[in-house]
Amino acid sequence: MSANERATRALREILQNPGNDTCADCGAPDPGWGSCTLGVFICLACSGIHRNFPDISKVKSLSLSRWEDHEMQFMAENGNELMKSKYEAAVPVYYYKPTHKDCQVLREQWIRAKYERKEFSEPGKNFTYEEGTRDGMLMKRGRDNGQFLSRRFVLSEREGTLKYFTKYDAKEPKAVIKVDTINATFQPEKIGNPNGLQITYLKDYSTRNIFVYHENGKEIVDWFNSIRAVQLHYLKVAFPGATDAELVPKLTRNFLKEGYMEKTGPRQTEGFKKRWFTLDHRRLMYFKDPLDAFAKGEVFLGNKDHGYNVSPGLPAGTHCNGAWQHGITIVTPDRCFLFTCEMESDQQEWIKHFTDVMNAPMSPQEYTMEAMFKHRP
C-alpha cells in the first residue's frame with residue numbers, strides 16, 4: 001500500500017468521528033476536503049472560500065492531496081466538534097448560520113467571521129449587530145425605473161423601525177417600516193448582484209418589496225444580522241415569556257418556494273396568465289415581474305381544518321388556454337384559486353409546500369393575519 005493510500009485510509013477513519021461526516025461550516029454531507037491548519041473537514045464549496053485566506057486556512061483534498069503525518073495527527077486531535085466549540089463558542093442566537101443551500105455571500109461572511117475575525121470565540125464580546133442603531137448607504141432599486149441608486153437606511157432598536165431616505169440629509173424618510181413586519185432574504189440571482197438582499201414588509205395591508213445591495217459583502221450581511229438582532233429584541237419585549245428557541249423562527253426566513261405559474265381570475269373564465277409566485281410561509285403572493293415592488297395579489301393559506309385544501313389538477317370543465325397543463329387547485333373559505341405549472345415536478349413541489357403549510361397549526365398572530373386578509377379593501 002502506497003503512502004498516499006495509507007493517508008487516505010487514515011483520513012477516512014478520522015471522518016468516522018462524531019461531527020466529521022458533515023461540513024464544519026455549512027453542514028453539507030460527506031465533506032471531501034480538510035483544513036490542515038484549522039483541523040476541520042469541509043465541503044468543496046466552503047474549501048473555495050477558505051482558499052481566500054491561506055495564511056489562516058490551508059486546504060487539502062482528502063483523496064487527491066499529499067498529507068503529512070503531523071497534519072493527519074492534527075486532524076485526528078481536533079475535528080469539527082472540537083473546533084466548533086472553539087470558533088462558535090458565542091454565536092448570538094439571532095445570527096443566521098447559513099447552510100449549503102444558502103448563497104455565497106452568507107457562507108463567506110460566516111466563515112470569515114468564525115476564523116478570520118474570530119467574532120464568536122470569546123463570550124462577552126460586543127457585536128456590531130447589537131449597537132441598537134445602524135445608519136448607512138445601500139444601493140436600492142427604483143420602484144418605477146429599475147435603476148439602483150444610493151439611499152440612506154437607518155435601523156433603530158428603540159423605535160423598532162427601519163427607515164430609508166431618498167437623500168442623505170433629508171429630514172423626512174421615504175418609508176418607515178416596522179421591524180415586526182419585515183422579512184429579509186438574500187436573492188443574488190433575482191437581483192443580479194452577488195450581495196443582493198430582498199426586504200419585504202406590509203404596507204397598507206399589502207406586501208411591498210425593496211431590493212438592495214452593497215458592494216461590500218460584510219456590510220450587507222451585517223445589515224441582515226442587525227435586522228435580525230432588532231427583531232429578536234422587539235419579540236422579547238412583545239412576548240416576555242417566550243424562549244429564544246420559540247422566537248428565532250419568527251425572525252427573517254427564506255421563502256419556501258418561488259417561480260412562475262399561470263393563474264386565472266376569480267370568475268375562472270379569463271385566460272391563464274403567467275405570473276411570478278412567492279410563498280412566504282402562509283402568504284402566497286404573485287407578481288407580474290419578479291422585481292415588482294408590489295404584489296398584484298396575495299392568497300392566505302390557513303389550516304386544513306378551517307376550510308383550506310390543495311389538490312392536483314383543475315375542476316372539470318375548466319377552460320385552460322395556456323401552454324402549461326399541470327394544474328393545482330387551492331380552496332379557501334372565500335374562493336377557489338386555479339394555477340398551472342410548466343413541469344410536473346414544479347406542480348408536485350408547489351403542492352408539497354402548500355400541503356405542509358396547511359398541515360401546520362396556526363399561531364395567534366397568524367389568526368390575526370387571516371382576519372386582516374378577509375377584511376382588507
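Residues numbered from 1 in each chain as written. Predicted model: local features only at pLDDT ≥ 70, side-chain atom pairs only at ≥ 80, totals over all residues. Heavy atoms only, no water.

- An unreviewed UniProt entry lists the protein chain under the name Arf-GAP with dual PH domain-containing protein 1 isoform X1, from Lates calcarifer.
- What UniProt states about the protein chain under its Subcellular location (unreviewed entry) heading is, verbatim, "Cytoplasm". (UniProt positions renumbered as here; feature names shortened; annotations may be inferred.)

1. Some thoughts on the sheet that holds strand S3 (residues 59–61)
Next up, step 1: The antiparallel open sheet is built from 3 strands, whose spatial order is S2-S1-S3. Of all the strands in the sheet, just strand S2 (40–42) and S3 have a single pairing partner and so form its edges. Averaged over all neighbouring strand pairs, the angle between strand axes comes to 30°, with direction disregarded. (Pairing = 2+ DSSP bridges. Helix = DSSP H or I, 4+ residues; strand = E, 2+ residues; numbered from the N terminus. Axes fitted to C-alpha atoms, helices over the stretch in contact; angles between N-to-C directions.)

2. Things to note about the UniProt feature "domain: Arf-GAP" (unreviewed entry) in the protein chain
Next up, step 1: UniProt tags residues 5–135 as "domain: Arf-GAP" (unreviewed entry).
Next up, step 2: The straight-line gap between the two end C-alpha atoms of residues 5–135 is 55 Å; of that span, 37% is helix and 9% is strand.

3. Considering unusual backbone geometry
Next up, step 1: Not every positive phi belongs to a glycine, and Asp30 is a case in point at roughly 55°.
Next up, step 2: Its identity is not glycine, yet His281 carries a phi of approximately 55°, on the positive side.
Next up, step 3: With respect to the helices, strands and loops of the structure, His281 is situated in the loop between strand S12 (273–280) and strand S13 (283–287).
Next up, step 4: Overall, His281 belongs to the partly exposed group, its relative accessible area being 31%. (Buried < 20%, exposed > 50% of the residue type's maximum accessible area, 1.4 Å probe, protein only.)

4. What about the packing of aromatic side chains?
The description of two aromatic rings rests on the distance between their centres and on the angle between their planes.
Next up, step 1: Tallying each qualifying case throughout the model produces 19 aromatic pairs.
Next up, step 2: Pairing Phe186 with Phe224 gives two aromatic rings, centres 5.2 Å apart and planes at 70°, and the pair type is edge-to-face. Taken as a pair, Phe186 in strand S8 (residues 183–186) and Phe224 in helix H7 (residues 217–238) lie far apart in primary sequence, 38 residues in all.
Next up, step 3: On the basis of relative accessible area, Phe186 is assigned to the buried category, the value being 9%. (Phe/Tyr/Trp six-rings, centres within 6.5 Å; stacked < 30°, edge-to-face > 60°.)

5. Considerations on the environment of Met358
Next up, step 1: If you trace the backbone, Met358 turns up in helix H9 (residues 344–359).
Next up, step 2: Overall, the relative accessible area of 2% leaves Met358 in the buried class.
Next up, step 3: The spacing of Met358 and Glu159 is 199 residues in sequence and 34 Å in space, taken between C-alpha atoms.

6. A closer look at the sheet that holds strand S5 (residues 148–156)
Next up, step 1: Spatially, the 7 strands line up as an open sheet ordered S7-S6-S5-S4-S10-S9-S8, and their pairing is antiparallel. Both edges of this open sheet fall to strand S7 (175–178) and S8, since each of them pairs with a single strand only. Sheet twist, expressed as the average angle between the axes of neighbouring strands with direction ignored, equals 35°.
Next up, step 2: Here 7 bridges tie strand S9 (residues 197–203) to strand S10 (residues 206–213), and the two strands are oriented antiparallel to one another. For Lys203, the partnering residue across the bridge sits in S10 and is Ser206.
Next up, step 3: Against the sheet, H7 makes contact with strand S4 (133–141), S5, strand S6 (161–165), S8, S9 and S10, and its axis sits at roughly 125° relative to S4, the strand it touches most. (Contact = heavy atoms within 4.5 Å.)

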